[in-house]
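Descriptive analysis of the structure
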Amino acid sequence: MSAVLATGPGPSRKAIVLLGTGVVGSALLRLLQTPAAHGLHLVGAANSRRQHADAAGLAPAHVRERLAAECGERDDDALLATLDASGASRRVIVDATACSREASQHARWLHAGYHVVTANKASAGGELHSWRALQAAGAGDRYGDAATVGAGLPVLSTLRRLRQCGDSLLTLEGVFSGSLSWLFNQYDGKQAFSALLHEARRQGYTEPDPRSDLSGEDVARKLLIIARTAGFALGHDEVEIESVVPASLQGVSTEQFLQRAAELDAPLAERHARAAARGCVLRYLARLNQRGRARVGLVEVPRDHPSARLTGTDNQFALTTTRYHAQPLVIQGPGAGPEITAQALLGDVLYA
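Quick caveat: nothing in here was measured; it's all calculated off a predicted structure. (Residues numbered from 1 in each chain as written. Predicted model: local features only at pLDDT ≥ 70, side-chain atom pairs only at ≥ 80, totals over all residues. Heavy atoms only, no water.)

**Remarks on the packing of aromatic side chains**
Short version of the rule: For Phe, Tyr and Trp, rings pair up if their centres lie within 6.5 Å, where Trp contributes its six-membered ring, and each pair is then called stacked (planes under 30 degrees apart), edge-to-face (over 60) or tilted (otherwise). Only DSSP runs of H or I reaching four residues or more are called helices, and only runs of E reaching two or more are called strands; each is numbered from the N terminus. Each residue is placed in one exposure class: buried if its accessible area under a 1.4 Å probe, protein chains only, is under 20% of its type's maximum, exposed if it is over 50%, and partly exposed if it falls in between.
Taken as a whole and judged by the stated rule, the model has 4 aromatic pairs. Between the aromatic rings of Phe-176 and Phe-317, the centroid separation amounts to 4.7 Å while the plane-to-plane angle is 20 degrees, which identifies the pairing as stacked. One end of the pair, Phe-176, is in the loop between strand S8 (169-175) and helix H8 (178-186); the other, Phe-317, is in strand S12 (residues 314-321), and 141 residues separate them in sequence. Relative accessible area serves as the criterion here: at 0%, Phe-317 is assigned to the buried category. Note on Trp-182 and Tyr-205: the rings are 5.5 Å apart at their centroids and 50 degrees apart in plane angle, and the pair reads as tilted.

If you want it as structure tokens, here you go:
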């Protein structure tokens, strides 16, 4: 069933422009063909080089095919003009990219009256001035960010509800990366870490360049988004970040990194052995304390630690607040995968 109606969106319907037709964007296009997306009207779609737009509506099933065939070059102004020409009362820009250029436009789009729904962390989780620009643009209910943290787990919405009720976040700890969760849940020192990394990439758990995950930058962005949502005005330079990538592999191409990934093995095997000797395992944790000190990095935790019991790509967020003080409020579930991320995007579009 197509979500596109031949009669156009009409004044009570929502019109959508989708930026990014990669893994997550493609999953969203599939969801737009289901009954859940009834009433949503796709009028534009773009990848990094091309775009396809029609105020009368696009068939989600054929978007990627059309983009590969005969479409115009990228022009954001033309896409937004098509969105305006749709006549819809709600005009939604969905950013399914990881591109900082797109993220830098979020505040401008909000100022112009559009709704923005995003999986892109580069704005809300970037420099503090970018976060403040979003707030000044009146993000509020017009900025859908559920997909930026935990692949749509109800972390940000829970924090917002707690704050509305007068509660305050005191400390935060958890595993915020589905790819790093899977890697260190699997790693037992018997199989080379690089072999697991190649497998995680093959299964689509990591970014095309796994250093995006292994550097800790992605986790740091998520920590900043959560901390800022909770009221901590932290800058990127205030997060201590430990990268798993040695300096010798940081400046090479993605292809060279993948060819030389075995250089990760010896240092991690040594750290695993030291942890095991103390009855511990390795986990890549994000932590925020009551004074606003934030750190992401590899940590030894005892085998009965909550993060030591995670499986698969599970994320875990343990929130200690003024009211959830004796025991933290724990939110846990799968934190990676295009389908669940796309579902989070769709949910925010539906409530835009």
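**What about the sheet that holds strand S2 (residues 40-46)?**
Filter applied, for reference: Two strands are counted as paired when DSSP detects at least two bridges linking them.
The strand order S4-S3-S2-S1-S5-S6-S7 describes an open sheet built from 7 strands, whose pairing is mixed. Edge strands, defined here as strands with exactly one partner in the open sheet, are strand S4 (72-73) and strand S7 (143-144). Bridge count for strand S1 (residues 14-19) against S2 is 6 bridges, and the pairing is parallel. Note on S2: the bridge partner recorded for Val-17 is Gly-44.

**Describing the nonpolar core**
To be explicit about the condition: To define a nonpolar core, start from buried Ala, Val, Leu, Ile, Met, Phe, Trp, Tyr and Cys residues and group those joined through side-chain atoms within 4.5 Å. In this analysis, two residues are considered to be in contact whenever any of their non-hydrogen atoms come within 4.5 Å of each other.
Ranked by size, the top nonpolar core spans 74 residues in total, and within it Leu-183, Phe-184, Leu-214, Leu-223, Ile-226, Phe-257 and Leu-288 carry the most contacts. Tallying contributions element by element places helix H11 (residues 217-229) first for this core, with 7 residues. Once you skip the residues sitting within four places of it in the chain, Leu-183 turns out to touch Phe-193, Leu-196, Leu-197, Ala-200 and Leu-214. If you look at the next biggest cluster of nonpolar residues, it comprises 26 residues, including Leu-42, Leu-67, Val-92 and Ala-352.

**Description of the side chain of Asp-145**
Examined against the element boundaries, Asp-145 turns out to sit in the loop between S7 and helix H7 (155-164). Beyond its immediate chain neighbours, meaning those up to four positions away, Asp-145 contacts Thr-118, Leu-156, Arg-160 and Asp-348.

**Some details on the sheet that holds S8**
Adjacent strands of a sheet pair through backbone hydrogen bonds, lying either parallel or antiparallel. Heads up, the rule is: Axes here mean lines fitted to C-alpha atoms, for a helix over just the part in contact, with angles spanning 0 to 180 degrees between N-to-C directions.
Spatially, the 6 strands line up as an open sheet ordered S9-S11-S10-S8-S12-S13, and their pairing is mixed. In this open sheet, the two edge strands, each paired with only one partner strand, are strand S9 (239-241) and strand S13 (329-334). Across the sheet, the axes of successive neighbouring strands diverge by a mean angle of 30 degrees, strand direction being ignored. This element, H7, spans S8, S12 and S13 of the sheet and lies at about 160 degrees to S13. Contacts from H8 reach S8, strand S10 (280-288), strand S11 (294-302) and S12, with the element oriented near 160 degrees to S10.

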